[in-house]
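Geometric and topological summary
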Amino acid sequence: MEKIIVRGGHQLNGTVRVEGAKNAVLPVIAASLIASEGKSVITDVPVLADVYTINEVLRNMNVDVQFNAGKNTVIVDASRQLTTEAPFEYVRKMRASVLVLGPLLARYGHAKVAMPGGCAIGSRPIDLHLKGFEAMGAEIHVGNGFVEANVDGRLKGAKIYLDMPSVGATENIMMAAALAEGKTVIENCAKEPEIVDLANYLNKMGARIVGAGTETIRIKGVEKLRGVQHSIIPDRIEAGTFMVAAAITNGNILIENAVPEHLRSVISKMEEMNVTIKEEAGGLRVIGPDKYNLKATDIKTLPYPGFPTDMQSQMMALMLQAKGTSVITETVFENRFMHVEEFRRMNAKMKIEGRSVIIEGPSDLQGAEVAATDLRAAAALILAGLCAEGNTRVTELKHLDRGYVNLAEKLASLGADIERVDDNEVMVQVDYKNNRIVAKLS
Ligand SMILES: CC(=O)N[C@H]1[C@@H](OP(=O)(O)OP(=O)(O)OC[C@H]2O[C@@H](n3ccc(=O)[nH]c3=O)[C@H](O)[C@@H]2O)O[C@H](CO)[C@@H](O)[C@@H]1O
Ligand SMILES: C=C(OP(=O)(O)O)C(=O)O
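Please read all numbers here as calculations on a predicted model, not as lab measurements. (Residues numbered from 1 in each chain as written. Chains lettered and ligands numbered in written order. Predicted model: local features only at pLDDT ≥ 70, side-chain atom pairs only at ≥ 80, totals over all residues.)

**Thoughts on the nonpolar core**
If you look at the biggest cluster of nonpolar residues, it comprises 146 residues, and the most contacted ones within it are Leu105, Met174, Ala178 and Ala384. Element by element, the count of residues in this core is highest for helix H12 (residues 375-386), at 10 residues. Domain assignment of the residues forming this core places at least three in each of domain 1 (3-19 + 234-440) and domain 2 (22-231). Residue contacts for Ala384: discarding those within four places in its chain leaves Ala317, Leu320, Phe343, Met346, Leu365 and Thr392. (Core = buried A, V, L, I, M, F, W, Y, C linked by C-beta atoms within 7 Å. Buried ≥ 20, exposed ≤ 12 C-beta atoms within 10 Å, placed from the backbone. Helix = DSSP H or I, 4+ residues; strand = E, 2+ residues; numbered from the N terminus. Domains from an automatic or database assignment. Contact = placed C-beta atoms within 7 Å.)

The structure is reproduced here in structure tokens:
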């Protein structure tokens, strides 16, 4: 079993560049299914396991997908006749596979996708996606582990109010509505930067979408969309993860390509904790205070522009180092605290009370063997390892590889003592496409 070994106690300094956003590239690649003419050329694509998975989902439907990982480019040609199914083997690996539902339904009037189950962070139903399609005239049938959607002719534009601002439902409905007959209005929709990126992409393809990034998105359906070029926005969660790496090690890191406007809630909370953050031409500079000058604070995760749930576990690692009592309340997912037990194995002083975690800091963290429970938990445990005494061994790296490109290598380039090793603790390099070791480095 592969693991990452971190030996704590090193200050991180230097420059690091963030990749294109995982949560933007997945819907953008899914949306490429709608283009019945031309090729889509997607650039700034991060080389992640999830990108390989979404590419496989599309190939399985007869889409021609070329991934040039060296150039961070995916070229999608969906102009031939496609099949309209996504089996469980893909949805199980990556829930974002359900994002093919909207594009397929809009283009072919039919889609069949395996029902995603729950996962380590909560039950994660897709009822709001399905309600949206139903409002546009689709018939939905759920059975035998699949959801099947059908419509005679084209979907019809509709007024759709989302009970909660779901990112995936907003994306799926927006993609479906782009090809529907007439006008669709989505109210109480998600406002994440990744929604805006997807709307920009669809508009370049010929869609007519306004209001992305606000509570109400209006879409005038068109008959056809064509392939275009699009570059993916930078990953705000990867940027936030490096912000914590600087803050937790009393380091000084310039995070290139970070977009400050996408990180306002994270910046403001870290500033409250005494972290210095400067916007520079090249990106964001983050300077951590001495361990005993990090101040405790409270956070509550919320839909954007609130504090992102995808930064919750990394902030928890930082709060373990802060002086005083910090409280984290998770309101987006019902069960995103699996990492708490792992932190406890590292001598963290914290307890769960309902949807909150109460952290008494600063903890004298001790290295231990810990298992990643989801991808952000993987990053958070590595971050805690950066300031723990002794060796921290993080296992279950399949979660990490879904969402971070070479995190260990990037942290090492900033001065961390960290390596990825195989069973025999020999340092390795990994091929994310085939999920196997390609080189032993020591
Ligand atoms: C690939 C991707 O972009 N993933 C992100 C996306 O996930 P995802 O799109 O799955 O997250 P949602 O915004 O849909 O989920 C938010 C909440 O709404 C609930 N819900 C959602 C849909 C639905 O039909 N019914 C329902 O009840 C979910 O269970 C959850 O409690 O947004 C999350 C919230 O910012 C992030 O943590 C994920 O990293
Ligand atoms: C929860 C996440 O992703 P996903 O929705 O793909 O599981 C995440 O990126 O932290």
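**A look at the pairing of strand E18 (residues 276-280)**
Across the 5 residues that make up E18, only a small minority, 0, are buried. Bridge count for E18 against strand E19 (residues 283-287) is 5 bridges, and the pairing is antiparallel. Within the sheet, the bridge partner assigned to Glu280 lies in E19 and is Gly283. What sits between E18 and E19 in their antiparallel hairpin is a turn of 2 residues. (Pairing = 2+ DSSP bridges.)

**What to know about the sheet that holds strand E23 (residues 356-361)**
Taking strand neighbours across the sheet as the criterion, the 4 strands line up as E20-E21-E23-E22 in an open arrangement whose pairing is mixed. Only two strands of the sheet have a single neighbouring strand rather than two, namely strand E20 (298-300) and strand E22 (350-353). Put simply, the sheet's adjacent strands are angled 15 degrees from each other on average, direction ignored. With 3 bridges connecting them, E20 and strand E21 (residues 324-329) associate as parallel partners. (Axes fitted to C-alpha atoms, helices over the stretch in contact; angles between N-to-C directions.)

**Digging into the UniProt feature "binding site: phosphoenolpyruvate" (unreviewed entry) in the protein**
The feature "binding site: phosphoenolpyruvate" (unreviewed entry), as annotated in UniProt, sits at Lys22 and Asn23 in this numbering. The residue Lys22 is located in helix H1 (residues 22-31) in this model. Overall, the presence of 25 C-beta atoms within 10 Å leaves Lys22 in the buried class. If we skip the residues at most four places from it in the chain, Lys22 touches Pro46, Leu48, Asp50, Asp235 and Gly403. Among the structural elements, Asn23 can be located in helix H1. (UniProt positions renumbered as here; feature names shortened; annotations may be inferred.)

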